[in-house]
Amino acid sequence: MSKTTNKARMQKTVRLVELALLTAIIAVMTFTPIGYLKLGPLELTLIMVPVIIGAVTLGPAAGAFLGLVFGASSFIQCFSLSAFGAILISISVFKTLVVCVVPRVLAGWLTGLIFNAVTKKTKKDGFYQKRSFHNDSKYVILSSSDKVNYGQILPIRNKYYIRTVSYTHLRA
C-alpha cells in the first residue's frame, strides 16, 4: 500500500472523528442545560456554535450534516422538553419537522459555502492555506497549520508577490 493511500485514509479517518466529536457535542448540548438559555417561554440556543465550527473547518457538507443533527434533536425535543414545541406539534407534525430541520441544515450548509467563498484554498507544501484578502486587496493574511502571516501584496510585472510584514507561530 502506498504512502498516499495511507495518508488519504488517515485524513478521512481524522475528518470522520472530528465530525463524530461535533455530533456528540451537539447531542450533549441538546439534552443538557448547556445548549439552551431559557428566558421565560423563549429558548435561546448555543448549539449553532458546533455547527458553525464544523461548517468552517470541515466544509459545507459537514455543516449541513451537523445542521441536520441539530434539527433532528430539536424535533425530538418538541415531544418532551419544549412547551413551544408541543404547541407546534399539536398544529402539524410535518410542518414542525420542516421548521425544525430545514433552517438548521441550510444554516450549516450556507455557513460553509460563505466561508469557502470568502477564503480561497491553495495547496502548498502538502497542506492547505486559507487566504483572506482585505477590501482594498493590498494586504493578505495567510494561515496554515503552524503559523499566520500578515503581508503586503506587491504587484510586480503582472505577478503578485507577498512581502511578509509579520508572522506568528501557532504551535510552540
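Residues numbered from 1 in each chain as written. Predicted model: local features only at pLDDT ≥ 70, side-chain atom pairs only at ≥ 80, totals over all residues. Heavy atoms only, no water.

(A) Main features of the packing of helix α3 (residues 60–80) against helix α4 (residues 83–91). At a closest axis distance of 7 Å, the pairing of α3 and α4 adopts a crossing angle of 90°. Between α3 and α4, the angle is such that the two are roughly perpendicular. For the pair formed by α3 and α4, the contact residues are Phe75, Cys78 and Phe79 on the first element and Gly85, Ala86 and Ile89 on the second. Its residues placed into classes, the contact of α3 with α4 shows 5 nonpolar, 1 polar and no charged. (Axes fitted to C-alpha atoms, helices over the stretch in contact; angles between N-to-C directions. Helix = DSSP H or I, 4+ residues; strand = E, 2+ residues; numbered from the N terminus. Parallel < 35°, antiparallel > 145°, perpendicular 65-115°, else oblique. Contact = heavy atoms within 4.5 Å. Nonpolar A, V, L, I, M, F, W, Y, C, P; charged D, E, K, R; others polar.)

(B) Representation of the state of the cysteines in the model. Overall, the coordinates contain 0 disulfides when judged by the stated rule. Here cysteine 78 is not cross-linked by a disulfide; its sulfur's nearest cysteine counterpart is in cysteine 100, at 3.8 Å. You can call cysteine 100 buried: its relative accessible area is 6%. (Disulfide = S-S within 2.5 Å. Buried < 20%, exposed > 50% of the residue type's maximum accessible area, 1.4 Å probe, protein only.)

(C) Focus on the side chain of serine 74. Position of serine 74 relative to the elements: it lies in helix α3. The class for serine 74 is buried, based on a relative accessible area of 7%. With sequence-adjacent residues up to four places away left out, serine 74 is seen in contact with Tyr36, Cys100 and Arg104.

(D) The arrangement of a nonpolar patch on the surface in detail. Residues Phe94, Leu97, Val98, Val102, Leu106, Trp109, Leu110, Leu113, Ile114 and Val118 make up a contiguous nonpolar surface patch of roughly 890 Å² in combined accessible area. Structurally, valine 98 can be placed in helix α5 (residues 93–118). Residue classification places valine 98 among the partly exposed residues on the basis of a relative accessible area of 34%. (Patch = residues over 30% accessible without salt bridge, like charges linked within 9 Å, V, L, I, M, F, W, Y side chains within 5 Å. Areas by Shrake-Rupley, 256 points an atom, 1.4 Å probe, with all protein chains shown as cover. Salt bridge = Lys/Arg side-chain N within 4 Å of Asp/Glu carboxyl O.)

(E) Here's a closer look at the nonpolar core. Formed by Leu19, Leu22, Ile26, Met29, Tyr36, Ile47, Val51, Leu58, Ala62, Leu66, Val69 and Phe70, the largest nonpolar core amounts to 12 residues. If you list the elements that add at least two residues to this core, you get α1 (3–30), α2 (48–58) and α3. Beyond its immediate chain neighbours, meaning those up to four positions away, valine 51 contacts Ile26, Gly63, Leu66, Gly67, Phe70 and Gly108. The next biggest cluster of nonpolar side chains, apart from the first, holds 5 residues, and it includes Cys78, Ile89, Cys100 and Val101. (Core = buried A, V, L, I, M, F, W, Y, C linked by side-chain atoms within 4.5 Å.)

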